[in-house]
Structures are given as structure tokens and as C-alpha cells.
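As a plain string of letters, each chain reads:
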Amino acid sequence: MRCGFLSFSLALGVQLVAPFFVAAADLETIQERGYLVVAVKDNWRPLGFLDEQGKLVGFEIAIATRLAETLFDDAAALVLQPLANEDRLTAVLEGDVDIAIAGIAVTPMRERVVRFSVPYYLDGTAFVTNRPNINSLGDLEQAAIALLEGSESVPTVQYRLPSATLTGVSSYQAGLESIVEGTVSAFAGDATVLSGWIQEYPNHYLLPEILTAEPLAIAFPKGNQYNSLRRFINDALNEWHQDGWLEAEATFWGLP
């Protein structure tokens with residue numbers, strides 16, 4: 001019944017957001033199956049989020065959709081699996097999805113357990129504020145700045161702004177509240193997350209400086225059987241970099 005429903009849905013051109021299990025597969029198996037299974041985010045605007053109509057949209061959703069179109073000449077030959085951050089790599093490792101396009105930054109620790117594509121975007125530490133007198137990093141030299149406790153941003157911000165007063169907060173929401181309440185002048189966090197903030201809260205804006213470069217890439221299972229899939233996707237990403245589609249799409253979704 002499950003397979004029948006999937007086939008019927010794909011025939012109608014429906015892009016599914018499905019919770020069911022589909023084992024990770026190599027390129028040939030995926031092509032024979034007829035659809036691609038991708039782990040994504042549904043609460044990380046503008047990478048992947050639900051719009052006002054409840055449709056899953058965003059920069060990474062656009063990438064997944066174009067991959068399906070490239071593989072099958074059918075943008076709807078795609079199953080999207082929204083996952084929490086802690087489940088993204090597990091889903092790849094356990095074969096619940098073919099690949100993950102879910103705000104995953106490439107790190108040495110993660111490279112020990114999965115393989116990555118070439119990057120499709122460079123994230124990094126950025127600053128958001130609602131104070132019109134703050135227009136650059138120099139304006140924060142003596143300011144109070146909130147950032148996530150224990151985050152990788154802490155030593156970077158300390159190094160670049162040694163005279164600033166840093167305040168640890170437990171979450172991005174707490175950081176936003178500290179700006180709104182006026183207890184800090186700015187909040188430091190991932191540019192991708194803060195880009196979503198300013199879309200929801202237009203009286204906030206990003207400073208032009210981004211302190212770090214953290215490549216976001218597509219995660220694959222390890223194993224030689226997945227090499228052809230990885231090469232195919234790398235070729236697609238490289239082509240989209242060269243023709244400007246990735247950069248144009250990032251701009252469309254409001255990413256710096």
C-alpha cells in the first residue's frame with residue numbers, strides 16, 4: 001500500500017513530505033526507483049521552512065527539487081523528510097534517506113562518519129541588530145553582544161572585538177529577546193539563521209561583515225557504492241556555481 005501510494009502520488013506530480021522509511025541507495029538504484037529521498041529542514045528559514053500556505057520552501061528545498069529535476073526530468077520525483085538537527089546525520093548513516101541537504105556544515109568530526117559534496121553555500125558568524133547607529137563591526141567595539149553559550153562563535157568574536165562585553169544566551173530566541181529588550185546591542189550567530197530573522201522582523205538588519213566561512217554541503221553515506229551519486233551531485237553543483245544559479249537562488253531567498 002505504501003509503495004502504491006508513492007507511485008500514485010509521483011504520477012500526479014506531487015512532491016511528498018513523508019515520514020516512511022526508504023533505504024539509502026546508490027545512483028543506479030535511485031534512478032531505477034524513480035525518486036530521490038532527501039533529509040531537509042522545515043524550521044530553518046530561509047534554508048527550509050513552511051510558508052503561509054504550509055508548503056515546504058527555501059534555498060535547500062530548491063536545491064533538492066532541481067536535483068530531482070536533473071535526475072529524472074521531473075521536479076516532483078522527490079521525497080522530502082524534515083528532521084531535527086540531531087537526526088540529520090543519523091538518517092544518512094542508517095539509510096533512512098539517500099542524502100541530507102539540511103544546513104549541515106562540513107567539520108572534521110562529521111567527515112569521519114559521512115561524506116560530503118562540494119559546498120553549495122558558505123555560512124558564517126554574522127551580527128544582527130535593531131539599532132540604526134550600528135552599521136559596521138567597528139560600531140560594536142565597546143558594545144554588549146549576545147551569542148550562544150559555548151558556540152564556536154565565542155572565540156572568534158572575542159578575538160575580533162576584545163573590548164566588547166559578551167553575554168551568553170541559551171538559544172537564538174533568547175538572543176532575539178535580548179536585542180528587543182535592549183540589554184545588548186547585537187547578537188552574533190549563523191548568517192543563515194539571522195537571515196531568516198530579518199525576514200520575520202524587518203526592523204532588524206545584518207551587518208555587512210561575516211567573520212567565518214563554514215561550508216554547507218550535502219551529506220552522503222560512506223562507501224564506494226555511493227561514489228557515482230556523489231560525482232553526479234558534485235557535477236551538478238559545480239555547474240550551478242558556474243552558471244550562477246546557486247548564487248541567484250541564495251539571493252532570492254535573502255541569504256547574504
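Residues numbered from 1 in each chain as written. Predicted model: local features only at pLDDT ≥ 70, side-chain atom pairs only at ≥ 80, totals over all residues. Heavy atoms only, no water.

*Asks:* Now, about helix α7 (residues 172–181): what can you tell me, with residues and values included?
*Replies:* Of all the residues in α7, the buried ones are Y172, G175, L176, S178 and I179. Projection of α7 onto a plane perpendicular to its axis shows the buried side chains occupying an angular sector of 160°, all on one side. Opposite its buried face, α7 presents the exposed residues V180 and E181, each directed more than 90 degrees away. For α7, the elements touching its buried residues are β10 (125–129), β11 (144–148), β12 (165–169), β13 (186–190) and α8 (191–200). One or two steps after α7, the chain reaches G182, where phi turns positive at roughly 85°. (Buried < 20%, exposed > 50% of the residue type's maximum accessible area, 1.4 Å probe, protein only. Helix = DSSP H or I, 4+ residues; strand = E, 2+ residues; numbered from the N terminus. Arc of directions from axis to C-beta. Contact = heavy atoms within 4.5 Å.)

*Asks:* An account of the layout of surface pockets is needed here, citing residue identities and associated values.
*Replies:* Volume-wise, the largest pocket comes out at about 840 Å³. Contributing to the lining of the largest pocket are 32 residues, with W44, N85, Y172, D190 and V193 lying nearest its centre. Broken down by secondary-structure element, the contributors of at least two residues to the lining of the largest pocket are β3 (43–44), α7, β13, α8 and β15 (214–216). Residue contributions to the lining of the largest pocket peak at 4 residues, all from α8. (1 Å grid on protein atoms, 1.4 Å probe; cavity = no way out; pocket = protein on both sides within 12 Å on 5 of 7 lines; lining within 4 Å. Points joined across faces, edges and corners; volume = space filled by probe spheres on them.)

*Asks:* Would you mind going over the nonpolar core in detail, with residue names and values included?
*Replies:* Side chains of nonpolar character tend, in soluble globular proteins, to be buried together. Among the nonpolar cores identified, the biggest contains 70 residues, and F59, I63, L67, I99 and Y120 are the most heavily contacted of them. The next biggest cluster of nonpolar side chains, apart from the first, holds 14 residues, and it includes L140, A143, L147 and A188. (Core = buried A, V, L, I, M, F, W, Y, C linked by side-chain atoms within 4.5 Å.)

*Asks:* Give a description of unusual backbone geometry that names residues and reports values.
*Replies:* The peptide bond linking R45 to P46 adopts the cis configuration, its omega dihedral lying at 10°. Relative to the assigned elements, P46 resides in the loop between β3 and β4 (48–50). Positive phi outside glycine occurs at D73, with the angle close to 60°. Locating D73 in the fold gives a position in the loop between α3 (59–72) and β6 (78–82). Note on D73: relative accessible area 68%, which makes it exposed.

*Asks:* Outline the packing of aromatic side chains, listing residues and values.
*Replies:* The final tally for this structure, using the stated rule, is 8 aromatic pairs. Between F49 and W253, the aromatic rings sit 6.1 Å apart at their centres with planes inclined by 85°, giving edge-to-face as the arrangement. Of this pair, F49 sits in strand β4 while W253 is found in the segment after α10 (245–252), placing the two residues 204 residues apart along the sequence. Given the relative accessible area of 17%, W253 is considered buried. On the numbers, 5.0 Å between centres and 90° between planes, the contact of F252 with W253 is edge-to-face. Of the residues examined, F252 reaches a relative accessible area of 61% and is grouped as exposed. Pairwise contacts between aromatic rings join F49, F252 and W253 into one cluster. Sitting over the face of the ring of Y35, R33 holds its NZ or CZ atom 4.9 Å from the ring centroid. When the ring centre of W245 is taken as reference, the NZ or CZ atom of R66 above it lies at 4.8 Å. (Phe/Tyr/Trp six-rings, centres within 6.5 Å; stacked < 30°, edge-to-face > 60°. Lys NZ or Arg CZ within 6 Å of the ring centre and 35° of its normal.)

*Asks:* Quick rundown of the sheet that holds strand β5 (residues 56–57)? Include the residues and the values.
*Replies:* Hydrogen bonds between backbone groups are what pair the strands of a sheet, and the pairing can be parallel or antiparallel. If you trace the 3 strands from one edge of the open sheet to the other, you get β3-β4-β5, paired in antiparallel fashion. Each edge of the open sheet is held by one strand with a lone partner, namely β3 and β5. Pairing of β3 with β4, which is carried by 2 bridges, proceeds in the antiparallel orientation. Note that in β4 the partner of W44 across the bridge is G48. (Pairing = 2+ DSSP bridges.)

It is worth stressing that arrangement in space is one thing and function is another; only the former is reported here.
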